[in-house]
Amino acid sequence: MDEPILKARDAISRAEKLLVFTGAGISKESGVPTFREADGLWEKFKAEDFATPDAFKRNPREVWKWYRERRALALKVKPNPGHYAVARFEEAHEDFLVATQNIDNLHTRAGSKNVIELHGNIMHSYCMKCSHKVDESETELEGDVPTCPKEGCNGLMRPKVVWFGEQLDPHDLERSFQFASECDCCIVIGTSGLVYPAAQIPFLARRNDATIIDVNPEPSAITPIADYFLAGPAGQIMPQLVEE
Ligand code: BV8
Ligand code: ZN
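It should be emphasised that the depicted structure is a prediction, and the values quoted were computed from it without experimental measurement. All chains use their own residue numbering, which begins from 1 and follows the written sequence. For naming, the first written chain is A and the first written ligand is 1, with later ones following in the order written. Residue-level local features of this predicted model are given only where pLDDT is at least 70; pairs of side-chain atoms are given and counted only at 80 or more, and the full residue set underlies all totals for whole chains, interfaces and linings. Side-chain calculation: all heavy atoms of the structure are included, whereas hydrogens and water are not.

A closer look at the coordination of the zinc ion (ligand 2)
Note the threshold: A 2.8 Å cut-off from the metal defines N, O and S donors, relaxed to 3.2 Å for Na, K and Ca; water is not in the atom list, so some sites may appear incomplete. When four donors show all angles between 85 and 135 degrees the site is tetrahedral, when four or six donors have opposite pairs over 155 degrees and all other angles between 65 and 115 it is square planar or octahedral respectively, and in every other case it is irregular. Each residue gets one of three labels from its accessible area relative to the maximum for its type: buried under 20%, exposed over 50%, partly exposed in between, using a 1.4 Å probe on protein chains only.
Summarising the metal site, the zinc ion (ligand 2) is bound by the protein donors Cys 127 (SG), Cys 130 (SG), Cys 148 (SG) and Cys 153 (SG), whose distances to it range over 2.3 to 2.4 Å. Taken together, the 4 donor atoms surrounding the zinc ion (ligand 2) define angles of 102 to 116° at the centre, an arrangement classified as tetrahedral. The sequence pattern formed by the donor residues of the zinc ion (ligand 2) is C-x2-C-x17-C-x4-C. Considered together, Cys 148 and Cys 153 belong to a single accessibility category, that of buried residues.

The following block contains the structure:
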């Protein structure tokens, strides 16, 4: 086993407060596309046309179609060894948090309990008029642009995700920032580290002198502050970090 992997494993096993911060790369080996790579979603679709409040106002039908397709894919795929390794850390560390930018629900399906979904969850929707929430993995909403199932409301439903220009849930963000500012080890997995405010998380951990471990086949915006850059796919690297 490589020296950096052994050292990273040691830092993880010694950590009293362990934070895992993930992005699209951890789900790539499950078959969920990333965003900013050559074969990523933003190569085919413009973020401004699908992932902004304006895009939804202009063309709710197209936006819904896009999210339904992505939801169907997220339901079809399975967590991979990277997600399972993260869930194993939680068994060994009492003070533990996963802060994910992913909306695919795969951390929860892999058994992680303490998860903050910074950008929402594609399995849920809510009414733009009365905020009524629906879990689509249980009830499929009908119509090209579904309307609120609550009697008499008729408001438009939207996916429960955070679009560009929208505020993240202030409570979730504050909790992640607080945890990052206090942790002694932060594992960053599969993110380009370009989307803010989420990308602040590893920098807050660094400021607290936490050991930063970056798992990614390519260097990212986080790599310059990493103590250990473990180059490779999460599904291969992460299981090597789990203590037997
Ligand atoms: C806000 C959810 C304020 C829905 C997403 C200029 C400068 C700085 C900031 C800004 C700016 N202009 C605008 C902003 C703000 C903007 C922002 O950060 N823009 C950036 C891009 C310039 N942020 C916002 O708008 C945020 N809100 O600021 O609100 C506010 C305040 C008050 C009141 C009102 C508003 C909201 C951002 C949320 C955006 N939502 N999507 C959906 O998915 O449909 S963003 C999208 O990017 C995804 O959610 C994703 O989670 C996120 C991050 O991407 P990554 O996960 O990192 O994915 P990426 O493709 O980039 O990278 C993949 C990585 O994986 C690569 O490094 C690759 O090498 C690696 N990889 C590949 N294979 C593997 C692997 N790693 C491991 N294993 C592998 N096998
Ligand atoms: Zn409603």
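Moving on from the coordinates now.
Concerning the packing of helix H7 (residues 81-92) against helix H11 (residues 234-241)
Rule in force here: Every axis corresponds to a line fitted to the C-alpha atoms, with the helix fit spanning only the stretch in contact, and the corresponding angles, defined between N-to-C directions, vary from 0 to 180 degrees. Under the scheme used here, helices are H or I runs from DSSP no shorter than 4 residues and strands are E runs no shorter than 2 residues, and both carry numbers assigned from the N terminus. Orientation labels follow simple angle bins: below 35 degrees gives roughly parallel, above 145 gives roughly antiparallel, 65 to 115 gives roughly perpendicular, and whatever is left gives oblique. Note on convention: near helix rotated counterclockwise from far helix by under a right angle means a left-handed crossing. Clockwise means right-handed. Pairs of residues are marked as contacts when any of their non-hydrogen atoms sit within 4.5 Å. When residues are grouped by polarity, Ala, Val, Leu, Ile, Met, Phe, Trp, Tyr, Cys and Pro land in nonpolar, Asp, Glu, Lys and Arg in charged, and all others, Gly among them, in polar.
Their axes nearest at 7 Å, the elements H7 and H11 cross at an angle of 25°. Considered as vectors, H7 and H11 are oriented roughly parallel to each other. In this structure, the crossing between H7 and H11 has a hand that is left-handed. Across the interface between the two elements, Pro 81, Gly 82, Ala 85, Val 86 and Phe 89 of H7 pack against Ala 234, Gly 235, Met 238, Pro 239 and Leu 241 of H11. Class assignment for the residues of the contact of H7 with H11 results in 8 nonpolar, 2 polar and no charged.

Notes on the site of ligand 1
This is how it is decided: A cutoff of 4 Å decides nearness: a residue is near a molecule or strand if any of its heavy atoms lies inside that distance of it. Identification of polar contacts relies on pairs of N or O atoms within 3.5 Å, with a donor-acceptor requirement for protein atoms, meaning one able to donate a hydrogen and the other able to accept it, and with residues adjacent in sequence counted only if both atoms are side-chain atoms. All accessibility values rest on the Shrake-Rupley procedure with a 1.4 Å probe; residue burial counts only the protein chains present in the view. Domain start and stop points were drawn from an automatic or database domain assignment.
Near ligand 1 there are 34 residues, and of these Tyr 67, Arg 70, Thr 191, Ser 192 and Asn 216 occur at the shortest range. At a separation of 2.8 Å, an oxygen atom of ligand 1 approaches a polar backbone atom of Ala 24. Arg 36 is positioned with one of its side-chain polar atoms (N or O) 2.7 Å from an oxygen atom of ligand 1. Starting from 1,500 Å² of accessible surface for ligand 1 in isolation, the protein chains cover 75%. Those elements that provide at least two residues to the shell around ligand 1 are helix H2 (25-28) and helix H6 (60-76). With 3 residues, the single largest contributor to the shell around ligand 1 is H6. Partitioned by chemical class, the residues of the shell around ligand 1 number 16 nonpolar, 11 polar and 7 charged. Taken domain by domain, the shell around ligand 1 gets at least three of its residues from each of domain 1 (1-31 + 79-119 + 168-244) and domain 2 (33-76 + 122-161).

With respect to the domain arrangement of the protein
In plain terms, the rule: Buried surface area refers to the total accessible area, computed with a probe of radius 1.4 Å, that the two partners give up upon joining, counted for both partners together.
What the domain assignment reports for the protein is domain 1 (1-31 + 79-119 + 168-244) and domain 2 (33-76 + 122-161). One C-alpha centre belongs to domain 1, the other to domain 2, and the line joining them spans 27 Å. Facing 13 residues of domain 1, the contacting portion of domain 2 comprises 15 residues. In terms of surface lost to domain 2, no three residues of domain 1 exceed Ala 24, Lys 28 and Ile 103, which account for 45% of the buried area on that side.

Thoughts on the side chain of Arg 70
What counts here: Charged residues are defined narrowly, with Lys and Arg counted positive, Asp and Glu counted negative, and His plus the chain ends left uncounted. Within this document, salt bridges are pairs made up of a side-chain nitrogen of Lys or Arg and a carboxyl oxygen of Asp or Glu, the two lying within 4 Å of each other.
With respect to the helices and strands, the residue Arg 70 is situated in helix H6. Put simply, Arg 70 is tucked away with no salt bridge, and the nearest opposite charge, on Asp 104, sits 8.1 Å away. Beyond its immediate chain neighbours, meaning those up to four positions away, Arg 70 contacts Phe 35, Leu 41, Ile 103 and Ile 122.

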